[in-house]
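Below, each chain spelled out in residue letters.
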Amino acid sequence: MGNSYAGQLKTTRFEEVLHNSIEASLRSNSLVPRPVFSQLYLEAEQQLSALEGGSRVDNEEEEEEGEGGSEQNCPPTLYQMHPPPEGCCITDGFCQAGRDLRLVSISNEPIDVPAGFLLVGAKSPSLPDHLLVCAVDKRFLPDDNGHNALLGFSGNCVGCGKKGFCYFTEFSNHINLKVTTQPKKQKHLKYYLIRNAQGALTKGPLICWKGSDFRSRQTSAGACSSSLFPLLESSGPPAPFPSEPVPGTNPSAPLGAAQAGPASDHPSLTAAMGLAVFNGKDSPKHQPLVKNNLSAGPRPSALGILSNSGPPKKRHKGWSPESPSAADGGYPQGGGNRAKYENAGVTCMPQVGLVGPASVTFPVVASGEPVSVPDNLLKICKAKPVIFKGHGNFPYLCGNLNDVVVSPLLYTCYQNSQSISRAYEQHGASTIQPISEEMQLLLTVYYLVQLAADQVPLMEDLEQIFLRSWRESHLTEIRQYQQAPPQPFPPAPSAVAPVTSAQLPWLAGLAASSCNDSVHIIECTYSLAEGLSEMFRLLVEGKLAKTNYVVIICACRNATIDSCIAVTGKYQARILSESLLTPAEYQKEVNYELVTGKVDSLGAFFSTLCPEGDIDILLDKFHQENQGHISSSLTAASVTKSASLDVAGTPVCTSYHLEPHHIRPFQLAVAQKLLSHVCSIADSSTQNLDLGSFEKVDFLICIPPSEVTYQQTLLHVWHSGVLLELGLEEEHMTKQRAEQYVLKLDAEAQTKFKAFLQNSFQNPHTLFVLIHDHAHWDLVSSTVHNLYSQSDPSVGLVDRLLNCREVKEAPNIVTLHVTSFPYALQTQHTLISPYNEIHWPASYSNGVELYHENKRYFGLSEFIESTLSGHSLPLLRYDSSFEAMVTALGKRFPRLHSAVIRTFVLVQHYAAAMMAVRGLSQMKNYTSVETLEITQNLINSPKQCPCGHGLMVLLRVPCSPLAAVAYERLAHVRARLALEEHFEIILGNPSSGITVGKHFLKQLKMWQKIEDAEWRPQTYLELEGLPCILIFSGMDPHGESLPRSLRYCDLRLINSSCLVRTALEQELGLAAYFVSNEAPLEKGARNEALESDAEKLSGTDEDEELVTEGSALEKRSPVKRERSCSHDSVSSSISSKASSSALCGDSSAPPAGPSQGEQARSPPPGGPTEEGRAPGERQRLRAGWEPPAVISRHSPGLAPPPDPSLRTCRRSIRRSAPSSSSQLSSSGSSSSSMVPAAGPLVLQASQCSMTKACRQPPIVFLPKLVYDMVTATDSSGLPKAASLLPSHSVVWASSFRPLLSKTMTSTEQSLYYRQWTVPRPSHMDYGNRAEGRVDGFHPRRLLLSGPPQIGKTGAYLQFLSILSRMLIRLTEVDVYDEEEININLTEESEWHYLQLGDPWPDLELFKKLPFDYIIHDPKYEDASLICSHHQSIKSEDRGMYRKPEDLYVRRQTARMRLSKYAAYNTYHHCEQCHQYMGFHPRYQLYESTLHAFAFSYSMLGEEIQLHFIIPKSKEHHFVFSQPGGQLESMRLPLVTDKSHEYIKSPTFTPTTGRHEHGLFNLYHAMDGASHLHVLVVKEYEMAIYKKYWPNHIMLVLPSIFNSAGVGAAHFLIKELSYHNLELERNRQEELGVKPQDIWPFIVISDDSCVMWNVVDIDCGGERSREFSWSERNVSLKHIMQHIEASPNITHYALIGMRKWSSKTGSREVQEPFSRCHVHDFIVLNVDLTQNVQYNQNRFTCDDVDFNLRVHSAGLLLCRFNRFSVMKKQIAVGGHRSFHITSKVSDNPMAIMPAQYICAPDSKHTFLAAPAQLLLEKFLQHHSHRFFPLSLKNHGHPVLSVDCYLNLGSQISVCYVSSRPHSLNVSCSDLKFSGLLLYLCDSFVGASFLKKFHFLKGATLCVICQDRNSLRQTVVRLELEDEWQFRLRDEFQTANAKEDRPLFFLTGRHI
């Protein structure tokens, strides 16, 4: 072949070195010897790189030497030149275009030399005296030393200007060199040409070709040019390993499976390829297209094909320096792939986007002599061999290239696995070697040897084998580097000796010797070319008939190896070569075969199969014979039957009911998960979603362009009521109104989407949810669309619409991607944050059902489970006789695509089965048992139901043209058999709706009770109960749901070579189903075995005989079967035993036939029915029965003409066991009934097929290849299908990846794919470069994934509803709504504030009003009543006694819509309050300073140190000694200031535990007015409050108050404010301001005050007391400015307002002002109340206590009754944050209030709570223990001195102050039932107590800080005079000594 003598170096030196090297390698067990050629030739400085790259000698150099040195031995072969094209110039010295090239002629002409090119002179043998001028790329020329010339050639013709010659052969033809030997650039390019001083070209120096011209082998670091699309260094993803799998390769393919190919993935490439693909010439009409396309991509990444590896190697056509590597797409030979396309009838370049197969047309690095592919190879071999390039150089192929396929996938796999250890090198483990090439090849051989005859090699398997092998060999090193820092020395060599290249062929041969020649090893001496030639010779001679794989190894020439693997097995080669086609090419190929009539040969062959003549002739004959009578007899039979079953006359079927739309618990759970994710986006501090600013929800659902899916989604939206709930539509809306909310992504989508965007822009307060359903469809990048816009407008549509800038930036659009197969959206470049993924929850957790549902989802994993042992009926099956037929025909018609063959065979099977069921029993031999079962049940099921309900058969034909063929053929057969009214055939095409015949339309309307004359079914769900074959076409399902009457899912025609996870799961998802939970599936499955005859009916007795005999033989067959065989359709056997069916008798049988037949054939009572068998035997029967087809699988392989063998095989089965039929048929027929008696059988048999539909999922038939893939599992139990490449549009980031595991949750799988997959350049996420970084994720994008058909649409529509409700809820708030208490106890006083219209109180009038001691605030319903001399309380007046448990009853609330003046918590973000919340452009976020502020307070006896945190933006409210210096005071305004721009009183809000929920955002409440707001927080909460409220001033309490109650905060606020007032008075006095003019008021507000209201009074009545009133919401600013403007305001000590209640009556608002208690929101005069303190120890009722002190001090408390405050119910924080727990144990047991006190020195459990809190809580619940006389005794209250403590609602108290001149209730006529002395001070003396009178037996309680002061108090107050004490009456709070308990002493009045 070619120069076969080339490269034989005949020097002793060479032989010696070679010999030494081989010897060293054989002896060595650790070190790899140096390569031979590096020892011979390499210069010192090159050796390092040579060792790394495994350098090789340039073949051509060897050939050059050989030519000189060995001519005497081998005469040179004459070189045959191609004849020049007709009409071109052949004159010597001229190019074929007729232009002169001789140096002498053109030396003075200007020549255009492109950059990087040199002019050289070529010597022509025919013109020895002339040099021809050529322009050659200097990279292909040597340097001065003769080194570094790249292999190959690139040159231009300077005569005619033609550019881009990539082969020197082609160039030499063009310039008419007329050589006699193969043209070589070394031989003919002799001189450089240079210009002399005159500018003329002259001969320059000789080109130095004689050096040793080396090149490094391409190492993995340079992206391999043989791979499909080498990555760009500049724009590709940063490769984790230098040889990251390039985007074009698809390791998951069955050694090279389907690519999304150049058409979709690499637009620019297609044009570049076009040149090489069709023929070697670049005709002018193609060239502009190439240029345009290459320049169309604005940046290199759009091209996806450029490489930094320098120019391609030899003969890479179309490569030029301007576009590096541009046409790596060329085929290695000039002939290109022409023949392949000629055979497809393509004469010119096809549409861009459909250019030839990716891998097929890509070159692999080649060298050496060409290998000729023999003619007629395909004809001889019956399949195209697929050659995978392995290691090293690959020779050129020439000749009949159409009959072979070359792929670089294995090469890429090897390269990737070479880079495995680089992951460890990053950690310094540089000594770990990658797996050697020899080992890789040996492992590949091992892998191929163990593959079964029907298995196809998978790249993923091989990668994992390499990974495991590498891990095992380097386990110690790996562990070492994982555990310890890298060592300075390498680890000890591995114990296992490495395989050397010399040992390799021998070891490979040894491995292959055991496989019965299925793997054949060819060892070559010099180059792979020999081996390939040898392989082609063996193939042609037929010597490789049993061989599936040929491994060619060339390992002798040096230390590196060359290898390739050819797949020659017919089955494997066909699958692999077809898998290399992209979906577009697959469609095109099939189309072409149909259009050109190539399939006619197949039809002709089928017609010869039938011995009785052509099937069509049989059909016509049947039609004529039976016209008329058969249809009438059948219809008569069915009518009679229905009449007999239904007495009323109208047929009724109980099994048929359309399910109402309702939300299942799972869907609700998912909707709530979605909602919580949206809320968490809103809650994050990134301000990406401001839920508080939205008032309503709108949405748009985008779906793929499928009419059925569109109508289905419309119905969902319409029925769900979501449009009404969102307020988007009115009641009684039509389905048409829903259309604007669903967008079909077709050509018209853009307009509708623009309207949506416009709408979102115009409504900023509406939240738009953009739902992208079926989101894994069309992930093509819009850049691809830009290149192809003319071909298909819908390419890249999703990217153009959903990823456009407007959607990404709109703050009111949330995008929700919904898909069952999210894998392609989970890559390293995804836009979706892993935190924004929502996965459908599992039904069970640890065996516990999470959500109880009456239906159970039955999906892929359950289908797979049904195939495992222990399940009576596998629901996944394959049809071996169908597969055998397809394989046989595949060999017979090697040029037809297997999809065409499979479709024709299956249609033929269905046709034959229909004929068999109609009585043409001879046709049973021409169908498979599976197809017969399906057809029988389809035709007979309507007869079992009174209404004619039947079952659906889904026939999946992905290729639309084939679907149309199948439809026409089946419809024709149905018509000829008069079955038009028995079942419908529907062609389901994505682009069109559903067409149903009139007869069936009428039936559907009747079943569904539809009156509308115009109604047509628009979704498959509406075909419920219709007996039909649905031919479902389209390359991918688009989310269409199927009805429950789906019984069979026939997926035998799916493209079994498209082995990617998404494609497989998508097809299997069609069968996903909900089964009723009542009947467990196992039982359901058994029922099918038992009820078989009710469903599986056969046409004639002969039929019964055939199938049952087959089954019987199967049962007895001695052939040992594998486990998987039993799945080869157990159903067939079941159908067979059922075939005795009742209702179908002969066509001529009378109407009564069925019942008679049934009884006649039922067994005698003692017969061997299945019921009577032992359970074990019954199980065995079921598992053992198999169809006859299984036998055929064990028979010898079918001969190429399969008809005789098929027939004989069947017949042998039929004849083998004639005796068994009766027994089997009888057992079959009886088994349908649970009652063995014969009578009820008929009724049982006539059961509607819909009954079963609820209980059992459909049966799925798969291609064998897919079945094996799906049912195989890895070591963890994960189905093998799950570890495939997840999607066509992504590639693995590295082969160095762990396996997926079965235990992984969906979330873990997502993280796995996010780490280990990268998008291809054509993927829309490819440009998203921020890999894994948070800022690379889009903040408002979510992904919902869940199994197919599980109810995701219902879930997201429910989500929209609850999102809308939540937004309304966000604008609403629960406020306390309780009536004031104790109103009836207030005695009508003679004093009223009569001026109803006064805006402010009149001071003089107000002073005359009595103080109302009674508490009216409903929160104090359980507090002790305070007595005054105004009341005469009867005991029954006080409210009902409430049991302790009632105290915890939820307080009444009302839901209120937030007004624009509300106070907000941290969840509110709107534009207006951004600045208020701290997002101020002038200040950095969180920029604030901490200031200490100290003042002394005598009562505490120490200095108080407080801290202020003051944000920079709030510093103007304070005075500092200098900027940034010591804090001096807080600025206060003047009483006389009248500005309406700010609020004068500083607001203090004490808060604990409410950093998120406290209502501290007063921006809207204050209506934007300037105000000073201080949060008072405990020290330990400072950081969290500061985080949430960075722009608020904080007052931090000293740490001693960390466990204190609200009293401490109030106390410190008031003391600080008074101290500050003093400081301000001093400061401003210096400025001339009078002290009394400084504003003395502060506001103390609860952190739950949400809104403020005002009552408007209309006093228009005739009498002065008549009025009408209304209440409205106002801003706090309005209220504060009104109060602050009150005349004489400084005379009031406390001002407050009512608490809002919806039950407020006119009585409460009649008087504008009251003198009573004020709570919650108070305006406090710190000047007047200087001497009245809050009790710093108090936890509860401290405001009541303070109010009483203020009043008793003679100060005025004023309540503005016409203002009210609404308080929000906040479930966290506040007083709830105090938990009383045991100090000792961690047991969180509840501690009862009775345990809060104990006897001193007792062993009582101490509690971890402040003593004061224990005291208050104890007295609230158990004070009756201390004051038994006081219980319900309101006439005799407990006297409480100087304090108010809550003693519970059953006990009244009378408050008196011991201070001199204080105002007290007149007590002269009162007798008290008890005395409470709480921490009394020196004002309380013995004489003071003597004034009061007590009942006999009244009790006393003295409370002091310690036992000592307790005794001193008793002595000082002379208590023992009137009170009797006992030792046991001393108590303490249950505190440890260090917690300073309080001590009590109780006594009785004497």
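Basis of the calculations
- Residues numbered from 1 in each chain as written.
- Predicted model: local features only at pLDDT ≥ 70, side-chain atom pairs only at ≥ 80, totals over all residues.
- Heavy atoms only, no water.
- Helix = DSSP H or I, 4+ residues; strand = E, 2+ residues; numbered from the N terminus.
- Buried < 20%, exposed > 50% of the residue type's maximum accessible area, 1.4 Å probe, protein only.
- Contact = heavy atoms within 4.5 Å.
- Areas by Shrake-Rupley, 256 points an atom, 1.4 Å probe, with all protein chains shown as cover.
- Pairing = 2+ DSSP bridges.
- Axes fitted to C-alpha atoms, helices over the stretch in contact; angles between N-to-C directions.
- Phe/Tyr/Trp six-rings, centres within 6.5 Å; stacked < 30°, edge-to-face > 60°.
- Lys NZ or Arg CZ within 6 Å of the ring centre and 35° of its normal.
- Parallel < 35°, antiparallel > 145°, perpendicular 65-115°, else oblique.
- Left-handed = near helix turned anticlockwise from the far one by under 90°.
- Nonpolar A, V, L, I, M, F, W, Y, C, P; charged D, E, K, R; others polar.
- Salt bridge = Lys/Arg side-chain N within 4 Å of Asp/Glu carboxyl O.
- pLDDT = per-residue confidence, 0-100.
- Polar contact = N/O pair within 3.5 Å; in protein donor to acceptor, adjacent residues only side chain to side chain.
- Disulfide = S-S within 2.5 Å.

Caption draft 1: Local environment of the overall build of the protein chain. When you go through the protein chain residue by residue, the secondary structure sums to 62 helices and 58 strands. Looking at the protein chain residue by residue over its 1950 residues, the buried ones come to 60%. Sequence-distant contacts, at least 24 apart, represent 76% of the contacts inside the protein chain between residues at least 6 apart. In the structure as shown, the protein chain presents an accessible area of about 76,500 Å², 54% of it carried by carbon and sulfur atoms.

Caption draft 2: Looking closely at helix α57 (residues 1676-1684). With respect to burial, α57 is a largely interior element, eight of its nine residues being buried. Within α57, the full set of buried residues consists of Leu 1676, Lys 1677, Ile 1679, Met 1680, Gln 1681, His 1682, Ile 1683 and Glu 1684. As for α57, its buried residues are in contact with β43 (1641-1645), β44 (1649-1658), β45 (1668-1674), β46 (1692-1699), β48 (1721-1725) and β49 (1756-1767).

Caption draft 3: Seen up close, the sheet that holds strand β9 (residues 386-389). Ordered by their spatial adjacency, five strands build an open sheet running β11-β9-β14-β13-β12, and the pairing between neighbours is mixed. Looking at strand neighbours, the two that pair on one side only are β11 (405-407) and β12 (519-524), the edges of this open sheet. The mean angle between the axes of side-by-side strands here comes to 20°, regardless of whether they run parallel or antiparallel. Of the strand pairs in this sheet, β9 and β11 are connected by three bridges, and their pairing is parallel. Bridge pairing in β11 links Val 386 to Val 405. In the packing of helix α20 (residues 528-541) onto the sheet, the strands contacted are β9, β12, β13 (549-554) and β14 (562-567), and the crossing angle to β12 comes to about 140°.

Caption draft 4: Inspection of the packing of aromatic side chains at higher detail. Under the defined criterion, the tally for this structure stands at 39 aromatic pairs. Taking 6.1 Å as the distance between ring centres and 50° as the angle between the ring planes, the aromatic pair formed by Phe 1872 and Phe 1894 counts as tilted. In this pair, Phe 1872 is assigned in strand β55 (residues 1871-1878) and Phe 1894 in strand β56 (residues 1893-1904), connecting sequence segments 22 residues apart. Each member of the pair, Phe 1872 as well as Phe 1894, carries the same accessibility label: buried. Of the aromatic side chains, those joined through ring pairs into one cluster are Phe 1872, Phe 1888, Phe 1892, Phe 1894 and Trp 1923. Positioned over the ring face of Tyr 1376 is Arg 1451, at 4.0 Å from the centre of the ring.

Caption draft 5: Focus on the packing of helix α26 (residues 665-683) against helix α53 (residues 1352-1370). Viewed as axis vectors pointing N to C, α26 and α53 meet at an angle of 50°, and their least axial separation amounts to 8 Å. Considering their axes alone, α26 and α53 lie oblique with respect to each other. In terms of crossing hand, the pair formed by α26 and α53 is right-handed. For the pair α26 and α53, the contacting residues are Gln 667, Leu 668, Val 670, Ala 671, Gln 672, Leu 674, Leu 675, Val 678 and Cys 679 in the first and Gly 1354, Ala 1355, Tyr 1356, Gln 1358, Phe 1359, Ile 1362, Leu 1363 and Met 1366 in the second. A breakdown of the residues in the contact of α26 with α53 according to their chemical character gives 13 nonpolar, four polar and no charged.

Caption draft 6: Fine view of the pattern of salt bridges. Following the criterion strictly, the structure yields 55 salt bridges and no others. Between Arg 1625 and Glu 1622 there is a salt bridge, with its nearest N and O atoms 3.9 Å apart. Taken together, the residues Arg 1625 and Glu 1622, both in helix α56 (residues 1606-1629) and three residues apart, mark about one turn of the helix. Relative accessible area serves as the criterion here: at 11%, Arg 1625 is assigned to the buried category. What makes Glu 1622 partly exposed here is its relative accessible area of 33%.

Caption draft 7: Seen up close, unusual backbone geometry. Of note, Lys 382 is a non-glycine position whose phi angle comes to about 65°, a positive value. Residue placement: Lys 382 occurs in the loop between α13 (377-381) and β9. Judged by its relative accessible area of 28%, Lys 382 falls in the partly exposed class. For Asp 1720, which is not glycine, the phi dihedral falls at a positive 65°. Structurally, Asp 1720 can be placed in the loop between β47 (1713-1714) and β48.

Caption draft 8: Main features of the pairing of strand β5 (residues 189-195). In this structure, strand β2 (residues 117-124) lies alongside β5, joined through three bridges in antiparallel fashion. Paired with Ala 122 across the two strands is Leu 189, which belongs to β5. Here four bridges tie β5 to strand β6 (residues 201-206), and the two strands are oriented antiparallel to one another. The residue of β6 that forms the bridge with Ile 194 is Thr 202. The hairpin turn running from β5 into β6, its antiparallel successor, is five residues long, and Gly 199 in that turn takes a positive phi close to 85°.

Caption draft 9: Inspection of helix α39 (residues 1061-1068) at higher detail. Counting buried residues in α39 gives eight out of eight residues, a clear majority hidden from the surface. Those residues of α39 lying buried are Arg 1061, Thr 1062, Ala 1063, Leu 1064, Glu 1065, Gln 1066, Glu 1067 and Leu 1068. Where α39 is buried, its residues meet α33 (860-866), β23 (876-878), β24 (952-956), β29 (1259-1262), α51 (1264-1271) and α52 (1306-1316).

Caption draft 10: Local environment of the packing of helix α22 (residues 583-595) against helix α37 (residues 960-976). Interaxial distance between α22 and α37 falls to 8 Å at its minimum, and their mutual angle equals 40°. Between α22 and α37, the angle is such that the two are oblique. Contacts between α22 and α37 involve Gln 587, Val 590, Asn 591 and Leu 594 on the former and, on the latter, Ser 960, Pro 961, Leu 962 and Val 965. Residue composition of the contact of α22 with α37, grouped by class: five nonpolar, three polar and no charged.

Caption draft 11: Spatial organisation of the sheet that holds β56. Spatially, β34-β54-β53-β55-β56-β58-β57-β51 is the arrangement adopted by the eight strands of the open sheet, whose pairing is mixed. The outermost strands of the open sheet, each flanked by one partner alone, are β34 (1425-1426) and β51 (1797-1798). Direction of pairing for strand β53 (residues 1838-1841) relative to strand β54 (residues 1852-1856): parallel, over a ladder of four bridges. For Ser 1840, the partnering residue across the bridge sits in β54 and is Tyr 1855. Strand contacts of helix α60 (residues 1811-1822): β51, β55, β56, β57 (1923-1933) and β58 (1943-1949), with the helix running at about 120° to β57, the strand carrying the most contacts.

Caption draft 12: Highlighting the confidence of the model for the protein chain. The predicted model of the protein chain averages 77 in pLDDT, with 72% of residues at 70 or higher. Here residues 1-12 is modelled with pLDDT under 50, and outside its nearest four sequence neighbours on either side it reaches 23 contacts, counting other chains as well. Low pLDDT, under 50, characterises residues 211-366; the predicted model gives this stretch 459 contacts beyond four residues in sequence or across chains.

Caption draft 13: Spotlight on the side chain of Asn 1561. The residue Asn 1561 is located in the loop between β40 (1547-1550) and β41 (1573-1577) in this model. At 3.1 Å, the side chain of Asn 1561 and the backbone nitrogen of Tyr 1563 are in polar contact. Ignoring anything within four residues of it in the chain, the contact list for Asn 1561 reads Ala 1462, Ala 1463, Tyr 1464, His 1468, Cys 1473, Tyr 1476, Met 1477 and Trp 1589.

Caption draft 14: A look at the state of the cysteines. Across all of its chains, the model carries zero disulfides by this definition. Looking at the unpaired Cys 95, the closest cysteine sulfur is the one in Cys 157, lying at 3.9 Å. Summary of cysteine pairing: Cys 947 is not part of a disulfide, and the nearest cysteine sulfur, belonging to Cys 945, is at 4.9 Å. Taking the relative accessible area as the measure of exposure, Cys 947 reaches 12% and is therefore buried.

Caption draft 15: Just the pairing of β44, in detail. Extensive coverage of β44 is indicated by the burial of seven of its ten residues. Pairing of β44 with β49, which is carried by five bridges, proceeds in the antiparallel orientation. Across the sheet, Met 1651 pairs through a bridge with Met 1766, a residue of β49. Relative to β45, β44 runs antiparallel, the two sharing seven bridges. Paired with Asp 1658 across the strands is Ser 1668, a residue of β45.

Caption draft 16: Inspection of the environment of Arg 974 at higher detail. Mapping Arg 974 onto the fold places it in helix α37. For the pair formed by Arg 974 and Leu 619, sequence separation is 355 residues and the distance between their alpha carbons is 9.7 Å. The contacts of Arg 974, once residues within four sequence positions are left out, are Met 914, Leu 979, Glu 980, Phe 983, Glu 984, Ile 985 and Phe 1000.

Caption draft 17: View of the environment of Cys 1843. By secondary structure assignment, the location of Cys 1843 is in the loop between β53 and β54. Sequence spacing of Cys 1843 and Cys 1880 is 37 residues, and the spatial spacing of their C-alpha atoms is 8.9 Å. Discounting residues that sit within four places of it in the chain, Cys 1843 has contacts with Asp 1745, Tyr 1855 and Tyr 1878.

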